[in-house]
Amino acid sequence: MEIILSAVIMVFLLVMLDTFLPRMAPFFLLIFFFLLLAQLAFRVAIPLLQELPLAWDGPGARQIRLIAGSAFLFYLSASFRDMLGEIGYGPIGRLSHMAVQLMLVGVWLGEFRETASVLTSLLP
Amino acid sequence: MWELIAAVAGPPAKLFALIIVLSAAALAADFAVPQFREWTRLFLLVSAGAAAMGPAIDAVRMMDGLVGKMTGLFLGIYPVLAAGMAAAGGALSLINWNPAVFLFVQGAVVIGGKWMVPLLIVSFILDYLSRLVPEIPFTRISEMIRVTLLGAISVIIACYSLFITATGAMAWSSGSALAEPIKALLRQHVPLIGSFITDTMGVVGKYSSGMAPIAGSYLIVALLVTSLSPVAYVLLTAFLYKWIAALCEPFAHEDLAGFFDDIGKTLFVLCGIMLIVAFAIFYTAVLSIILIKVIAGAG
């Protein structure tokens, strides 16, 4: 709720800035975007991700945490990419998104290896 | 019986819980981050794939162990058995014993172990890979492997019944009128291998009804239960996979349900191979009993 309120206030400030200082608007847009993102992450997303292991502690808990964490990272990176593309730095955003995708593959390499070892242990 | 069912149903039940939980997580991730859909599918298949294969791999391992034991048993016992029966003399007239049957039974078990089980494993892996990467499908080749194996199994079982009726004086005498409806029911309602089950029942029944006066009917029943319990284990596992596929279809990913369905189909083929091995176990045990009876002078 506070996040929505602060977002509304930020948008109001941004509209004012856009009217009086149009050349500085992308800069402040970036700052406000990161402020909002930090608030979202630290108030909502990270506590939720920390609660997950307590909610389910049976089989598959590790995979659930992996899926949730990687979806969250992917979302952060995709929104960052969109934001950078909006203010005209598309290539940098795509690069960072690529880096996050590679990192996700690296995180999942353990699972890949486990499945591959199950499959290869079947072979005579 | 209940111990068998519990032992068979335990791992698939755990697997089902795991699939429910993982599917719920994947659905939540899809809902929260729709751009992540492709990745979620991949990660779900990767993390569920290793767990999903567990009970099926156990069944394949059991099959492998049984075939190895049977090959050792054949190599060890059949020279002694053949020599003993030839020396005793009476056994030859008793069941019109034919050395070709020995060779055939051993050959069938060796073919089952060396060719059929690896082919089956290959079809497991191809199914999984074609679900994991839908752009490179191997569905037709794994279906082809299954159909080929079913053809080979049906030929071997037909040869079994041919041998028994040609060489033995075994009459399917007792309870045939009672068994026919059960056989018809099994043939229609067990997918893919129902007719094999009924054929093997007929072959084993022919043999056992001839053996019952010699070996005692309780012993024959015990032998039947012992040799057919691996078949029952694999059949139950296959049905449980089909059940999991049917139960998780509404909420799980489509590929996951299809993968379980494929595993079930493959396990039905494994059940057919198991029948060949079960027949070999039964045949060897009955021949040993006959030999002992002949040596003891009761034959």
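Rules behind the numbers
- Residues numbered from 1 in each chain as written.
- Chains lettered and ligands numbered in written order.
- Predicted model: local features only at pLDDT ≥ 70, side-chain atom pairs only at ≥ 80, totals over all residues.
- Helix = DSSP H or I, 4+ residues; strand = E, 2+ residues; numbered from the N terminus.
- Expected span 1.5 Å × (residues − 1).
- Buried ≥ 20, exposed ≤ 12 C-beta atoms within 10 Å, placed from the backbone.
- Core = buried A, V, L, I, M, F, W, Y, C linked by C-beta atoms within 7 Å.
- Contact = placed C-beta atoms within 7 Å.

Named according to an unreviewed UniProt entry, chain B is Stage III sporulation protein AE originating from Bhargavaea cecembensis DSE10.

Its 19 residues give helix 1 (residues 2-20) of chain A an end-to-end C-alpha distance of 27 Å, which sits within 8% of 27 Å, the value for a rise of 1.5 Å per residue. Among the 19 residues of helix 1 of chain A, 0 are classified as buried, and the element is accordingly described as predominantly exposed.

Moving on, we get to the nonpolar core. One finds B:Leu270 and B:Val277 to be the most contacted residues of the largest nonpolar core, which totals 83 residues. Those elements giving two or more residues to this core turn out to be helix 3 (61-86) of chain A together with helix 1 (2-32), helix 2 (37-52), helix 3 (54-88), helix 5 (99-132), helix 6 (139-167), helix 9 (217-248) and helix 10 (254-296) of chain B. The dominant element in this core, judged by the number of residues it contributes, is helix 10 of chain B, at 25 residues. When sequence neighbours within four positions are dropped, the list of residues in contact with B:Val277 reads B:Leu66, B:Val67, B:Met70, B:Val109 and B:Gly112.

Further remarks concern the environment of B:Phe36. Structurally, B:Phe36 can be placed in the loop between helix 1 and helix 2. Of the residues examined, B:Phe36 has 22 C-beta atoms within 10 Å and is grouped as buried. Taking the C-alpha atoms as reference points, B:Phe36 and B:Ala26, 10 residues apart in sequence, are found 9.9 Å from one another. Beyond its immediate stretch of four places on either side in the chain, B:Phe36 contacts A:Ala71, A:Phe74 and B:Ala29.

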